[in-house]
Every structure is written in C-alpha cells, then in structure tokens.
Amino acid sequence: MRNFLVLLGPPGAGKGTQASLLCARLRVPHVSSGELFREHIRGKTDLGKHAQGYLGAGQLVPDEVTIAMIRERVSQPDCSRGALLDGFPRTPAQAEAFGKMARDLGGDVRAVVYLRVADAELIERLTGRWMCRAQGHIYHVQTHPPKKAGHCDLDGSELVQRDDDKVETVTRRLAVYHEQTAMLIDYYRNAGLLLEVDGARPEAEVAESIAAALKGRLD
Ligand SMILES: [Zn+2]
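**Focus on the overall build of the protein**
In step 1: Helix and strand counts for the protein come out as 8 helices and 8 strands.
In step 2: Each principal axis of the C-alpha atoms in the protein carries an extent, and together these give about 60 × 45 × 30 Å.
In step 3: Sequence-distant contacts in the protein: of pairs separated by 6 or more residues, those separated by 24 or more amount to 69%.
In step 4: If you sum the accessible surface of the protein, you get close to 11800 Å²; carbon and sulfur atoms cover 54% of it.
In step 5: If the 29 positive side-chain charges of the protein are averaged to one point and the 29 negative ones to another, these points end up 3 Å apart.

Here you go:
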C-alpha cells in the first residue's frame, strides 16, 4: 500500500520535471533530501542543528542523522500512499536502511527510476546557458537562443557564462556524479529494482516511458 520510489539521474537529466509529473500522477509527495535538510536547518530542529554542526565543520552528515530525517518525513500522514525520494539514498548502506524503513512502514521500495542521458547531451544542455552582463537575462543555445549570437535581445549587452556552466566545471561535476552513484546503481540493479529510462527525449515522452516501466510494480 505504501509505494516508495527513488528517482536517480545526473544533473541536467530533467529530474525536477519528471519528479513533479510522477508525483502528480501517483499522488505521492516528492521528498527531496536537499530540501529536507534546508527545512530542518531553517527550522532549527534538533536534527537540523545536528546536521548543521557537521556541515559547518565541512564534514559529511552521518548516515544516522540523514536516515532519521527521512524516516520522520516519510512517516507523516501525507506519505500514507508512499513517496518519491530524490537525493536519498546515496549509498548502498543508505539504500539498505531505506528498504528496511519502507518495510517497517508497511510498504516497500517498488522501483528506482534512473534517467539515463549520455554525458555529451548533458554537457550540451548544461553548458548552453548564457547570461547578459547588464541585467542577467538568461538565454540557452538550444531552448532560447538570442537573436544575435553573443548579445542580449533586450539590451544588447554581451552574453557571458557563469563558471558553473562552463564545460570544465560541468564535465567534472558529471564525473563526480558517476563515481558517487555507480555503487548505488549496481545495488539497485542487483536487487531487480532499477528501471532505466532514456532521458534524452522530450519531457512528455520520458514521462510516458516512466509510467510504462512502472506498470505492475505498484500496489
Ligand atoms: Zn539583457
């Protein structure tokens, strides 16, 4: 009765869009661990203070703190049908704990959707953003190109790239992502839970593929 799902995908794969479409379709909340951390820290909860202590010291938040935060969240009444997890679990150990948690709550982890997009395509998507120097108007070479290359349509100022959007930065970020998720992906593949979906297509098609892949897996 409680369907817990995990959404995985590299930066630029369109996870945010697919998460909201999927949550609307399944009527379950989107539980983003990053957001949850920020809420706890803003709200100065015990878990938030605990996490802040580690983050402030430049350390990783220990699993037990992260797991406690997730457990508290997915135990709430709005998760009575389950939830879509995003950003958690990150490691096989966390995945193990999450499976146990899901079963303790009378549900299970039914599937892990992995949005697969080739690095070359991700690099194209993520490095396509340009901003005008004068007022920060945003352009994208694929989805919203300026009329005149290199110049803002609205004020004519030069278009520049943020460091975060540069090829070297994006390439490094993707390498880190693959390195950090390889074991988790193997874990879920071995558990028979991994559903790989081609994320390189238009959003609506990706959403359809996810729905088709999930058929028969949910209670
Ligand atoms: Zn501008």
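**Quick word on the sheet that holds strand E7 (residues 159–160)**
In step 1: Pairing within the open sheet is antiparallel, and its 3 strands lie in the order E6-E5-E7. The sheet is open, and its two edges are formed by strand E6 (138–140) and E7, each paired on a single side.
In step 2: Direction of pairing for strand E5 (residues 129–132) relative to E7: antiparallel, over a ladder of 2 bridges. Residue pairing across strands places Cys-132 opposite Leu-159, the latter belonging to E7.

**Here's the deal with the packing of helix H6 (residues 119–126) against helix H7 (residues 167–190)**
Helix packing for two helices is described by the angle between their axes and how far apart those axes are.
In step 1: Close contact between H6 and H7 brings their axes to 10 Å; oriented N to C, the two are set at 135°. When the axis of H6 is compared with that of H7, the two are oblique. Judged by the sense of rotation from one axis to the other, the crossing of H6 with H7 is right-handed. Seen from H6, the contacting residues are Asp-119, Leu-122, Ile-123 and Leu-126; seen from H7, they are Val-167, Val-170, Thr-171, Leu-174 and His-178.
In step 2: Counted by class, the contact of H6 with H7 contains 6 nonpolar, 2 polar and 1 charged residues.

Basis of the calculations
Residues numbered from 1 in each chain as written. Predicted model: local features only at pLDDT ≥ 70, side-chain atom pairs only at ≥ 80, totals over all residues. Heavy atoms only, no water. Helix = DSSP H or I, 4+ residues; strand = E, 2+ residues; numbered from the N terminus. Contact = heavy atoms within 4.5 Å. Areas by Shrake-Rupley, 256 points an atom, 1.4 Å probe, with all protein chains shown as cover. Lys, Arg positive; Asp, Glu negative; His and termini not counted. Charge placed at Lys NZ, Arg CZ, Asp CG, Glu CD. Pairing = 2+ DSSP bridges. Axes fitted to C-alpha atoms, helices over the stretch in contact; angles between N-to-C directions. Parallel < 35°, antiparallel > 145°, perpendicular 65-115°, else oblique. Left-handed = near helix turned anticlockwise from the far one by under 90°. Nonpolar A, V, L, I, M, F, W, Y, C, P; charged D, E, K, R; others polar.

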